[in-house]
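Below are the chains, spelled out letter by letter.
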Amino acid sequence: MASPVLRLKRGRDRPHWHPWIFKGDVANVGDVAPGAAVTVIDADSRFVGRGFFNPRPTLCCRLLTRDDEALDADFFRRRVGAAVARRAEADLARLVWSEGDGLPGLVADRYGAVVVVQCLTLGMANAREAVAAALRTAAGDVAVFGMDDPVAARLEGFAPARGWLDRPGPASAVVHEGPVAFRVTFGMGHKTGLYLDQRENRLLAGRLAAGVEALDVFAYTAGFACHALRGGAAGALCLESSPEAIAGARENLALNDAAERARIVDGNAFDVLRQLQRDGRRFGLIVLDPPPFARRREALDAAARGYKDINLRAMRLLAPGGWLLTFSCSHHVSDAAFEEVCRDAAADAGVTLRVVERLSQSADHPVLLTVPETRYLKGLLLEAV
Ligand code: SAH
C-alpha cells in the first residue's frame, strides 16, 4: 500500500526491534501530513514497518506494525481484539497498553460498562473513532470515554479529548478490586481514573494489614488504605496533596465503610513524614507510591535523593515486624538503582529489612523484552526484622 516513506540513517538499527524512531534516526521523509502513516525503511531500503509520523515531537514515529498492512479500521479491530482477548473478563482491567500490546500511543481501561481511552500521539488521536469501534466489537456494548493526557497532547499538537466519544454513558461507576469498591467519576482524577498498574500490589497490602496501623503515602484516592482497612487494619492515615484526589479518597473510604478508621492529611508528604517522625509515630504497614520523580534521564540524581529521603523517613516510622511496600514508577530508574537507593536509606535509618518480594506492575500491563521502557513500575516488599 502506498504511504510516504521514512528512511532511517545508516546504523540506526534499533527500529528493527524497538518501535520508537527519533528525529535523529531519520535520513529523510517524504511529504507526509502530521499524524499520517509512513512506511519505514532502513538505509538498505529494507522494509522495517509502518507507523504514524509527527514532525513535532522528538519521538517522531512509533511503529505499529512490522507487516506490510494498512493502518485502517480493520487493523485496529484486529489489534484491539487480540489485546482484549488476552485479558481475563473483569470489571476493572487495562484492555490495551500501548507498546506492550503493539498499539503504541493508546491506552484503554475498562471500568464496568465504560472504557476510558487515552491517546498519546496525534496519529492515535486521529484514529479515535476506529479505536472506539474496535473496542465495542471486542469488549461488548461499552460506552467509550476519551480522556487524553494534556501534556502528551501539547507535545504532539492535538486537542485533548475529555468526554464521551460517540454516545454518552454514566457519570460514574462503582468498580470492584477484590473485596474493595472504588467509585470512578469519568473525566475526573489522574490517568484514566485509577492507577490500574498497582492493582495486584493493593490486594497484597490488604493481605498484610490485619491489626496494623497503616500509612498510605501518596494515597491518591486511598486505594491502598481501603485495602488495608478491608484487610483488618486498625487504622489508616493517608497523605495526599491534590484536592481532587482527597475528595475521591473520602468517597472511597466511605464506600468501603472505612471512613471512621481513616484520616487524610492534606499536605506535602515529604514534610508530613518528618512531622510523623517528630511525633514518635509507628506503623505496621507503610506504602510509598510516589509520582515519577525522574521523568527525564537528566533528573536521575535529584530523583534518587527524593526516593532516598522518603524511604529513609518511612523506614524510621516502621514498627518492629512492620511491612514497607515501596515503589518507583520512573522507567529511567532501574530495579538495581532503586534497590540501591533503598539499601542506602536502610543503612542511614539503621533498620534491618528483609526483602520478602520484588514487585512490578499488574499483569495486564505486558512487558516486551526488547522494549525495556514497558517495565516501569518496580517495588519491594520489605519486612522490618
Ligand atoms: N497509591 C495510589 C496512586 C498514587 S499516585 C493508588 O494506588 O491509587 C501519586 C499521588 O501522589 C498522586 O495522587 C499525587 O497527587 C500525590 N502527590 C504528588 N506529590 C505529592 C506530595 N509531595 N505530597 C503528597 N502527595 C503528593
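None of these values were measured; they are calculated from a predicted model.

Undergrad: Help me understand the overall build of the protein, please; the structure alone is not making it clear to me.
TA: Across its full length, the protein holds 10 helices and 20 strands. The globule rule puts the C-alpha radius of gyration for 385 residues at 21 Å, and the 22 Å found for the protein is close to it. Counting every position in the protein, which comprises 385 residues, the buried fraction comes to 56%. Across the protein, the fraction of contacts at a sequence separation of at least 24, relative to all contacts at a separation of at least 6, is 61%. Once the 48 positive and 47 negative side-chain charges of the protein are each reduced to a mean point, those two points are 3 Å apart.

Undergrad: Would you explain the sheet that holds strand β8 (residues 106-111) in this entry?
TA: Note: strands within a sheet are paired through backbone hydrogen bonds, in either parallel or antiparallel orientation. Pairing in this open sheet of five strands is mixed, and the strands run β7-β8-β9-β10-β11 from one edge to the other. Every other strand in the sheet has two partners, leaving β7 (92-97) and β11 (162-164) as the edge strands with one partner each. The mean angle between the axes of side-by-side strands here comes to 20°, regardless of whether they run parallel or antiparallel. As judged from the six bridges shared by β8 and strand β9 (residues 114-119), these two strands associate in the antiparallel manner. Its bridge partner being in β9, L106 is matched across the sheet by C119.

Undergrad: Would you mind going over the site of the ligand with me for this structure?
TA: Around the ligand sit 15 residues in total, of which R202, E240, N268, A269 and D289 are the nearest. Here S241 contributes a side-chain N or O atom positioned 3.3 Å from a nitrogen atom of the ligand. Expressed as a share of its isolated accessible area of 580 Å², the protein-covered part of the ligand is 89%. For the shell around the ligand, the residue count by class is seven nonpolar, five polar and three charged.

Undergrad: What should I look at first to understand the packing of aromatic side chains in this one?
TA: The geometry of two aromatic rings is summed up by the distance between their centres and the angle between their planes. In the structure shown here, the tally under the stated rule is 13 aromatic pairs. Between W20 and F22, the ring centres sit 6.3 Å apart and the planes meet at 85°, which makes this aromatic pair edge-to-face. Here W20 falls in the buried class, since its relative accessible area comes to 13%. Considering the side-chain rings of W164 and F186, the 5.8 Å spacing of their centres and the 65° angle between planes classify their relative orientation as edge-to-face. Here the residue W164 occupies a position in strand β11, and F186 occupies one in the loop between β13 (180-185) and α5 (199-207), the gap between them amounting to 22 residues. The exposure class assigned to W164 is partly exposed, which follows from its relative accessible area of 25%. Grouped by ring-pair contacts, the aromatic residues F218, F270, F293, Y307 and F338 constitute a single cluster.

Criteria and cut-off values
Residues numbered from 1 in each chain as written. Predicted model: local features only at pLDDT ≥ 70, side-chain atom pairs only at ≥ 80, totals over all residues. Heavy atoms only, no water. Helix = DSSP H or I, 4+ residues; strand = E, 2+ residues; numbered from the N terminus. Rg over C-alpha atoms; globule rule 2.2 N^0.38 Å. Buried < 20%, exposed > 50% of the residue type's maximum accessible area, 1.4 Å probe, protein only. Contact = heavy atoms within 4.5 Å. Lys, Arg positive; Asp, Glu negative; His and termini not counted. Charge placed at Lys NZ, Arg CZ, Asp CG, Glu CD. Pairing = 2+ DSSP bridges. Axes fitted to C-alpha atoms, helices over the stretch in contact; angles between N-to-C directions. Near = heavy atom within 4 Å. Polar contact = N/O pair within 3.5 Å; in protein donor to acceptor, adjacent residues only side chain to side chain. Areas by Shrake-Rupley, 256 points an atom, 1.4 Å probe, with all protein chains shown as cover. Nonpolar A, V, L, I, M, F, W, Y, C, P; charged D, E, K, R; others polar. Phe/Tyr/Trp six-rings, centres within 6.5 Å; stacked < 30°, edge-to-face > 60°.

Geometry only, nothing functional implied.
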